[in-house]
Amino acid sequence: MTNTLLIGTTNSHKIIEIKDLLPDSLFPIKTLKDYPEIAPPEETGATFSENARLKAFYYSRMTGSVVVAEDSGLEIDALDRAPGIFSSRFNNSSSYPEKFRVIYEQLKQRDTRIKTARFVCALTVADGNRIIFETQHTVEGEIAQKPKGSNGFGYDPIFFYPPFNRTLAELPAEDKAEISHRGKALRALRLFLSETQQHI
Ligand code: ITT
C-alpha cells in the first residue's frame, strides 16, 4: 500500500476544506495538481454515493494511489430535491449568482412555503477497486430569503443555518467545518483511521 493519500477532486474549495481536516501529520497528501494530465471522469452515477465511488475508483486506478473522493450537493425540498447530484452542473454550469437567480425564480413559481434544504456529502476512500471507507453526511438548513455572505463557495450564500442564524457564507471556515456535511464526513474518516490504526 502506498503511504500517500490523493484528494480526488477538481474543486479547489473542497481541497482546502478536506486538507484542513486531514492534516499532513497523518500521511502525505497529494492533489490532482500533481497529475495535470488526468481529466476528470464523467459523473454517470444516479446517487451521491455512486458518484463518490466512481471518482475514487477512477483516480485510484489512474494514479495507483489511495484516493479520497466525495460527491456533494444541495437538495432543496420545494424543488423535489434539485439540484442534488447536479449541483455543480445546474443551469448549464452558469455562475453561482445566476444559479441563485434561477433557484429563487423556480421557488416563486412553486409558490410554496417549504424552505427546508440540506447539503449532502458522500465520501469514499478507495485503493484501486477496493473501498477502504465510505460514509454519507448531511447538514440541514433552509434556503435564505436572499443570498448573504462571501465566505465559503458554491451555494453557501443561499444556505441559511438556523442554529447560527447565519448563511454558511457568513461563517468563518472553522464554524462551517464544525457543522457541515463535509466536516462531518471527514471527522468520521479521521475516527475510522485512528480506531483501525489504518495508515494509508
Ligand atoms: P469534483 O467532482 O471534482 O469533486 P465538483 O465541484 O464538480 O468537483 P461535485 O460534482 O461533488 O463536485 O459537485 C459538488 C457541488 O455541490 C459543488 O460544486 C457546489 O455547487 C455544491 N456544494 C457541495 N458542497 C458545498 C458546500 O460546502 N458549499 C456550497 N456548495 C457546495
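Before any of the text, the structure's been laid out above.
Residue indices follow the written sequence of each chain, beginning from 1 at its first position. Only residues with pLDDT of at least 70 are given local features in this predicted model, and only at 80 or more are side-chain atom pairs given and counted; all residues enter the totals for whole chains, interfaces and linings. Hydrogens are left out, water is left out, and the side-chain values use all remaining heavy atoms of the structure.

Student: Can you walk me through the site of the ligand in this structure?
Tutor: Close to the ligand lie 21 residues; Thr 9, Thr 10, Lys 55, Tyr 96 and Asp 156 are nearest. Measuring from an oxygen atom of the ligand, one finds a side-chain N or O atom of Thr 9 at 2.6 Å. Side-chain polar atom of Lys 14 to an oxygen atom of the ligand: 2.8 Å apart, as the coordinates give it. Under the convention used here, a 1.4 Å probe and the Shrake-Rupley method define accessible areas, while residue burial counts only the protein chains that appear. Alone, the ligand offers 610 Å² of accessible surface; in the complex the protein occludes 94% of this. Residues are called lining when one of their atoms sits within 4 Å of a cavity or pocket point, these points coming from a 1 Å grid over the protein atoms alone, where a cavity is a set in which a 1.4 Å probe fits but cannot get out and a pocket is an open set with protein on both sides within 12 Å along at least five of seven lines. Grid points define the cavity or pocket, and a molecule sits in it when more than half of its atoms lie within 2 Å of them. Here the ligand is seated within the largest pocket. Mapped by element, the contributors of at least two residues to the shell around the ligand are strand 3 (66-76) and helix 6 (181-195). Think of it this way: any DSSP run of H or I at least four residues long counts as a helix, any run of E at least two long counts as a strand, and we number them from the N terminus. Looking at which element gives the most residues to the shell around the ligand, the answer is strand 3, with four residues. Nearness of a residue to a molecule or strand requires only that one of the residue's heavy atoms be within 4 Å of it. Think of a polar contact as two N or O atoms within 3.5 Å of one another; within protein, one of them needs to be a possible hydrogen donor and the other a possible acceptor, and neighboring residues in sequence only count if both atoms come from side chains.

Student: Looking at this structure, how should I read helix 2 (residues 48-63)?
Tutor: An α-helical turn contains 3.6 residues, so any two residues separated by three or four positions project in the same direction. To estimate how far a helix should reach, multiply one less than its number of residues by 1.5 Å. Over its 16 residues, helix 2 extends 23 Å from the first C-alpha to the last, a length consistent with the 22 Å expected when each residue adds 1.5 Å. Whether a residue is buried, partly exposed or exposed follows from its accessible area with a 1.4 Å probe, protein chains only, as a fraction of its type maximum: under 20%, in between, or over 50%, in that order. Listing the buried residues of helix 2 in full gives Phe 48, Asn 51, Ala 52, Lys 55, Ala 56, Phe 57, Tyr 58, Tyr 59, Ser 60 and Thr 63. Close packing links the buried residues of helix 2 with strand 1 (5-7), helix 1 (12-21), strand 3, strand 5 (116-127) and strand 6 (130-143). One or two residues past the end of helix 2 sits Gly 64, with phi positive at roughly 75 degrees. We call two residues in contact when some of their heavy atoms are within 4.5 Å.

Student: Please explain the pairing of strand 5 as it appears in this structure.
Tutor: With 10 of 12 residues buried, strand 5 lies mostly within the body of the structure. Strands pair, by our definition, only if DSSP identifies at least two bridges between them. Taken together, the 11 bridges between strand 3 and strand 5 define a ladder with antiparallel strand orientation. What sits directly across from Val 67, in strand 5, is Ala 126. For strand 5 and strand 6, the ladder comprises 12 bridges, and the chain directions are antiparallel. Among the inter-strand pairings, Thr 116 is bridged to a residue of strand 6, identified as Glu 142. Counted between consecutive antiparallel strands, the loop separating strand 5 from strand 6 contains two residues, among which Gly 128 sits at a positive phi close to 65 degrees.

Student: Mind showing me how you'd approach the pattern of salt bridges here?
Tutor: Any two side chains of opposite charge can pair, given that their charged atoms come close. The salt bridge definition used is simple: a Lys or Arg side-chain nitrogen within 4 Å of an Asp or Glu carboxyl oxygen. Applying the stated rule across the entire model yields 16 salt bridges. One salt bridge in this structure joins Glu 75 and Arg 81, with 4.0 Å as the shortest N-O distance. Arg 118 is the salt-bridge partner of Glu 75, the closest N and O atoms lying 3.1 Å from each other. With Glu 75 in strand 3 and Arg 118 in strand 5, this pair connects stretches of sequence that are 43 residues apart. When its relative accessible area of 12% is taken as the criterion, Glu 75 is described as buried. For Arg 118, a relative accessible area of 10% puts it in the buried group. One salt-bridge network, in which partners are shared between bridges, spans Lys 14, Glu 17, Glu 70, Asp 156, Lys 176 and Arg 182.

Student: Explanation requested: helix 1 in the structure shown.
Tutor: Those residues of helix 1 not exposed but buried are Lys 14, Ile 15, Glu 17, Ile 18 and Leu 21. Taking the backbone nitrogen of His 13 as reference, a side-chain oxygen 2.9 Å away marks Asn 11 as the first, capping residue of helix 1.

Student: How should I be thinking about the layout of surface pockets in this particular structure?
Tutor: Taken as a whole, the largest pocket holds about 570 Å³ of empty space. If you list the elements that add at least two residues to the lining of the largest pocket, you get helix 2, strand 3 and helix 6. If you tally residues by element for the lining of the largest pocket, the top one is strand 3, at five residues. Partitioned by chemical class, the residues of the lining of the largest pocket number nine nonpolar, 10 polar and nine charged. Lining the second largest pocket are 18 residues; nearest its centre among them are Ile 16, Glu 17, Asp 20, Ala 173 and Lys 176. Of all the secondary structure elements, the ones that give two or more residues to the lining of the second largest pocket are helix 1, helix 5 (173-179) and helix 6. Considering each element in turn, the lining of the second largest pocket owes the most residues, five residues, to helix 1. Only Asp, Glu, Lys and Arg are considered charged, only Ala, Val, Leu, Ile, Met, Phe, Trp, Tyr, Cys and Pro nonpolar, and every remaining residue, Gly among them, polar. Taken together, the residues that form the lining of the second largest pocket break down as eight nonpolar, five polar and five charged. Grid points are joined across faces, edges and corners, and a volume is the space filled by probe spheres set on the points.

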